[in-house]
Amino acid sequence: MNLDIPFIGVALQAMVKVIPLTILMTILPIIFGLLIAIVISFIQIRHIKFMEPLSHFYTSFFRSTPAILHIMLIYLGLPALIKLVADLMYISVDPNKIPVVVFVIMALSLTAGAYLIEIIRSGIISVDHGQIEAAYSTGMTHKEVFQRILLPQAIDIAFPNFTNLLIGFLHTTSIASIIAVPEITGTANIVAADNYSFLEAFIAAGIIYWILSLIIEYIQSIAEKRRSVYKEEF
Amino acid sequence: MFQAKNIVKSFNGIEVLKGVDLSVKTGEVIAILGPSGSGKTTLLRSLNLLEKPEQGEIIVGNKLINVNKTNQQDILELRKRTSMVFQHYNLFKHKTILQNVTEALIVVQKKTKKEAVKIAISELEKVGLGDKLDQYPSQLSGGQQQRAGIARALAINPEIILFDEPTASLDPELVGEVLEVMLKIANQGVTMVVVTHEMEFAKHVADKVVFMDQGKVIEEGTPHEIFNYPKQERTKKFLQKVSPDYIFKLKEQRQLQHTL
């Protein structure tokens, strides 16, 4: 086996250019997913009628099926749905003009939301009930107690799980390559196809994923130090 | 003026409060005594509806709340006009001592941050924590945490403060500093209801002592009446058991029998 070492460098150069796109595809689903998860956590804690069973259906489905399926369902299903609705309303819309990345981000946001609900929920049950009562005793509303006392601490407790999910999602973006999104794995395929140096290209991809993951872990360790100030009692 | 009438509360079908009345005059300090399971903490928690009784009325100032027909608005108003000090302090762990006190002032009373900080600092100085403003609860001793809890309760300037066994989870040597602060605010005319096992505090600081057992008020009166001339057999027995004299007498008796 002869490894074309210089080609690894060439592949790296091509892939560095798509790092921003990959990060976008990682961060945006986590942010949107977090919003979904916060709203649904509130629905589940307050046992809001009709919304609660719906939220259970959502988490059950998205946690029980692979992310690649969510991407396919949204990528194939949503344009057809948009077309159908547009036709019904006599508007002319061309769903093919929507960039593919948008579908990937939508699909991964839904996936992330379902996982983040569980992460936040485990944080919420770890916050001691006494503080919640203390907050209520001052006359705070349910929303204020949730926002000001419960959620910040739940997110703090859930933080290590949260960064694990973030790293997991960085790696999950690779499946977007199957619908030709040129992120890191997709780019590896493209550059390798020129001269059939697949091994070199994927070694380069491995280096980039590794470094990005190390950066996330480093940020996590800094954040952990900051919150350790009041963590001692947990 | 704060009044609770005919409070009935049960847990899983067992009645823990069987129609309790309590009336507190402005500026009065009331100590609630009683054995464990007598319902005294449940009564206290019913007064700001942290526990929702099945029956009863609560009157705070000119507002009457029927616990059967409460709406969210009533509950919030009652809680805004009362405050509570907890056995386990229940400070917000992710906030500094100063933020613990300003929290309700900013969120509930809609004060500006500047106003809130000013009030909070003055209350924290009152309880002797002027130099701990930026510390987190986990960095403080139990006594300091409880004093911060008292400052938090005082800061919202409530019509009444409810104390739920405020010294029960403290190391013995830290009890004094908390009682000292409580005495200080009692002398300032703050209306207080204190569920406690500190007999000396009840004896010397309370204006009225309420003795509860098995979900009922058995007897109430001035500390002098309750501690020196209890009328009910149950009260006598309880006071006998909590006073050390009783044990020493037993020991003397045994020694006496031994020598005979």
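Residues numbered from 1 in each chain as written. Chains lettered and ligands numbered in written order. Predicted model: local features only at pLDDT ≥ 70, side-chain atom pairs only at ≥ 80, totals over all residues. Heavy atoms only, no water.

**Comments concerning the interface of chain A and chain B**
What counts, and what does not: The contact definition used throughout considers only heavy atoms, calling two residues in contact when any of these lie within 4.5 Å. The rule for a salt bridge is simple: a side-chain nitrogen of Lys or Arg has to be within 4 Å of a carboxyl oxygen of Asp or Glu. Polar contact criterion, stated in full: a pair of N or O atoms within 3.5 Å, where within protein one must be able to donate a hydrogen and the other to accept it, and residues adjacent in sequence count only if both atoms are side-chain atoms. Runs of H or I in DSSP of at least four residues are treated as helices and runs of E of at least two as strands, each being numbered from the N terminus. Basically, the charged four are Asp, Glu, Lys and Arg, the nonpolar ten are Ala, Val, Leu, Ile, Met, Phe, Trp, Tyr, Cys and Pro, and anything else, Gly included, counts as polar.
Listed per partner, the contact involves 23 residues of chain A and 27 residues of chain B. Applying the counting criterion to the chain A and chain B interface returns four salt bridges. Between Glu103(B) and Arg148(A) there is a salt bridge; the shortest N-O distance is 2.7 Å. Counting the contacts that link chain A with chain B gives six residue pairs in polar contact (both at pLDDT 80 or more). Examining the composition of the side of chain A that touches chain B, we find that seven residues originate from one element, helix 6 (residues 129-137) of chain A, more than from any other. The residue makeup of the side of chain A that touches chain B, split by class, is nine nonpolar, eight polar and six charged.

**Looking at the pairing of strand 8 (residues 192-195) of chain B**
Residues and elements named next belong to chain B. Here is the rule: Exposure is judged per residue with a 1.4 Å probe applied to protein chains only, and the accessible area is read against the type maximum: over 50% gives exposed, under 20% gives buried, and values in between give partly exposed. In this description, strands pair whenever DSSP reports at least two bridges between them. When the strands point away from the viewer and the path from the first strand over the helix to the second turns clockwise, the crossover is right-handed.
Covered by surrounding structure in strand 8 are Met192 and Val194 together with Val193 and Val195, the residues of both alternating faces. The sheet contact formed by strand 3 (residues 29-33) and strand 8 spans four bridges and is parallel. Within strand 8, the residue paired with Ile30 across the bridge is Val193. Strand direction decides the pairing type here: strand 7 (residues 160-164) and strand 8, joined by four bridges, are parallel. The residue bridging Phe163 from the neighbouring strand is Val194, located in strand 8. Between strand 7 and its parallel partner strand 8, the chain crosses via helix 6 (residues 172-187), and the hand of that crossover is right-handed.

**Observations concerning the domain arrangement of chain A**
All names here are of chain A. Selection rule: Here the limits of each domain have been adopted from an automatic or database domain assignment. Defined in terms of a 1.4 Å probe, buried area is the accessible area two parts forfeit on being brought together, summed over both.
With domains assigned, chain A is organised as domain 1 (1-18 + 182-234) and domain 2 (19-180). Placing the centre of domain 1 and that of domain 2 at their C-alpha centroids yields a distance of 25 Å. Between domain 1 and domain 2, the residue contacts involve 22 residues of the former and 21 residues of the latter. Carbon and sulfur atoms supply 67% of the area buried between domain 1 and domain 2, which totals about 1800 Å² over both sides. At the surface where domain 1 touches domain 2, the tally comes to zero salt bridges. Here domain 1 is connected to domain 2 by six residue pairs in polar contact (both at pLDDT 80 or more). Contributions of two or more residues to the side of domain 1 that touches domain 2 are made by helix 1 (5-16), helix 8 (184-195) and helix 9 (198-227).

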